[in-house]
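Below, each chain spelled out in residue letters.
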Amino acid sequence: QVRLVESGGGLVQAGGSLRLSCAASGTIFNINTMGWSRQGPGNQRELVATVTSGGSTNYADSVKGRFTISRDNAKNTVYLQMSSLKPEDTAVYYCNARLARNWWDNVNDYWGQGTQVTVSS
């Protein structure tokens, strides 16, 4: 069984910062890509940022220059440092890990339960 547990969400004023964390635990052989997605009120879930095991990153245009994704491979943890937050960043943020549980397994996507980020104007 694999669990992804997010933390660090909350309420912040526009212009402020938050840092999200997501730790993967359980039977894990190898984690390829880890990332963050978000779903705001009335919106579809959108990809925010991803990071590979080698450290290559990718960002949605809406967060480039404001958000930074990183990971600690030894801890199976991914982080999202969010700065210059805007009200439109308000959403439930979900972490994701594409991983193999055993060496013989195919990779599959696993998701956390989500953490609420609210940015007030």
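The preceding data block contains the structure.
Bear in mind the structure is a predicted one, so any value in this text is a computation, not a measurement. (Residues numbered from 1 in each chain as written. Predicted model: local features only at pLDDT ≥ 70, side-chain atom pairs only at ≥ 80, totals over all residues. Heavy atoms only, no water.)

Draft legend 1. Representation of the overall build of the protein chain in the model. What the protein chain contains, in helices and strands, is zero helices and 11 strands. In the protein chain, the succession of helices and strands from N to C terminus is β-β-β-β-β-β-β-β-β-β-β. Over its C-alpha trace the protein chain gives a radius of gyration of 14 Å, about what one expects of a compact globule, namely 14 Å for 121 residues. In terms of its C-alpha atoms, the protein chain occupies a principal-axis envelope of roughly 50 × 25 × 25 Å. Across the 121 residues of the protein chain, 40% fall into the buried class. Long-range pairs, those at least 24 residues apart, make up 56% of the contacts in the protein chain between residues at least 6 apart in sequence. For the protein chain, the exposed surface amounts to about 6400 Å²; the carbon and sulfur share of it is 44%. (Helix = DSSP H or I, 4+ residues; strand = E, 2+ residues; numbered from the N terminus. Rg over C-alpha atoms; globule rule 2.2 N^0.38 Å. Buried < 20%, exposed > 50% of the residue type's maximum accessible area, 1.4 Å probe, protein only. Contact = heavy atoms within 4.5 Å. Areas by Shrake-Rupley, 256 points an atom, 1.4 Å probe, with all protein chains shown as cover.)

Draft legend 2. Layout of the nonpolar core. In this structure, Trp36, Leu80, Met82 and Tyr93 are the most contacted members of the largest nonpolar core, which totals 29 residues. Broken down by element, the residue count for this core peaks at five residues, all from strand β9 (residues 91–100). Those residues in contact with leucine 80 that sit more than four places away from it in its chain are Leu18, Arg19, Leu20, Trp36, Val48, Ala49, Phe67, Thr68, Ile69 and Tyr93. (Core = buried A, V, L, I, M, F, W, Y, C linked by side-chain atoms within 4.5 Å.)

Draft legend 3. Structural context of the packing of aromatic side chains. For the structure on display, the rule yields one aromatic pair. Ring centres of tryptophan 103 and tryptophan 104 lie 5.6 Å apart, and the angle between their planes is 90°; on these two criteria the pair is classed as edge-to-face. One exposure class covers both tryptophan 103 and tryptophan 104, and it is exposed. The ring of tyrosine 94 carries arginine 45 above its face, with NZ or CZ at 3.7 Å from the centroid. (Phe/Tyr/Trp six-rings, centres within 6.5 Å; stacked < 30°, edge-to-face > 60°. Lys NZ or Arg CZ within 6 Å of the ring centre and 35° of its normal.)

Draft legend 4. Looking closely at the sheet that holds strand β3 (residues 18–26). One open sheet holds the four strands; their spatial order is β1-β3-β8-β7, and the pairing between them is antiparallel. The outermost strands of the open sheet, each flanked by one partner alone, are β1 (2–7) and β7 (67–72). For this sheet the average axis-to-axis angle between neighbouring strands, irrespective of direction, equals 15°. (Pairing = 2+ DSSP bridges. Axes fitted to C-alpha atoms, helices over the stretch in contact; angles between N-to-C directions.)

Draft legend 5. Inspection of the state of the cysteines at higher detail. Within the structure shown, the criterion is met by one disulfide. Through a disulfide, cysteine 22 is tied to cysteine 95; the S-S separation comes to 1.8 Å. Of this pair, cysteine 22 sits in strand β3 while cysteine 95 is found in strand β9, placing the two residues 73 residues apart along the sequence. The pair formed by cysteine 22 and cysteine 95 is uniform in burial state, with each residue classed as buried. (Disulfide = S-S within 2.5 Å.)

Draft legend 6. Unusual backbone geometry, seen in detail. Non-glycine residue asparagine 76 carries a positive phi angle of around 50°. Examined against the element boundaries, asparagine 76 turns out to sit in the loop between β7 and β8 (77–82).

Draft legend 7. Region of the structure containing a nonpolar patch on the surface. A grouping of Phe29, Trp103 and Trp104 is seen on the molecular surface, where their side chains present a nonpolar patch of about 470 Å² in accessible area. Relative to the helices and strands, tryptophan 103 resides in the loop between β9 and β10 (108–111). (Patch = residues over 30% accessible without salt bridge, like charges linked within 9 Å, V, L, I, M, F, W, Y side chains within 5 Å. Salt bridge = Lys/Arg side-chain N within 4 Å of Asp/Glu carboxyl O.)

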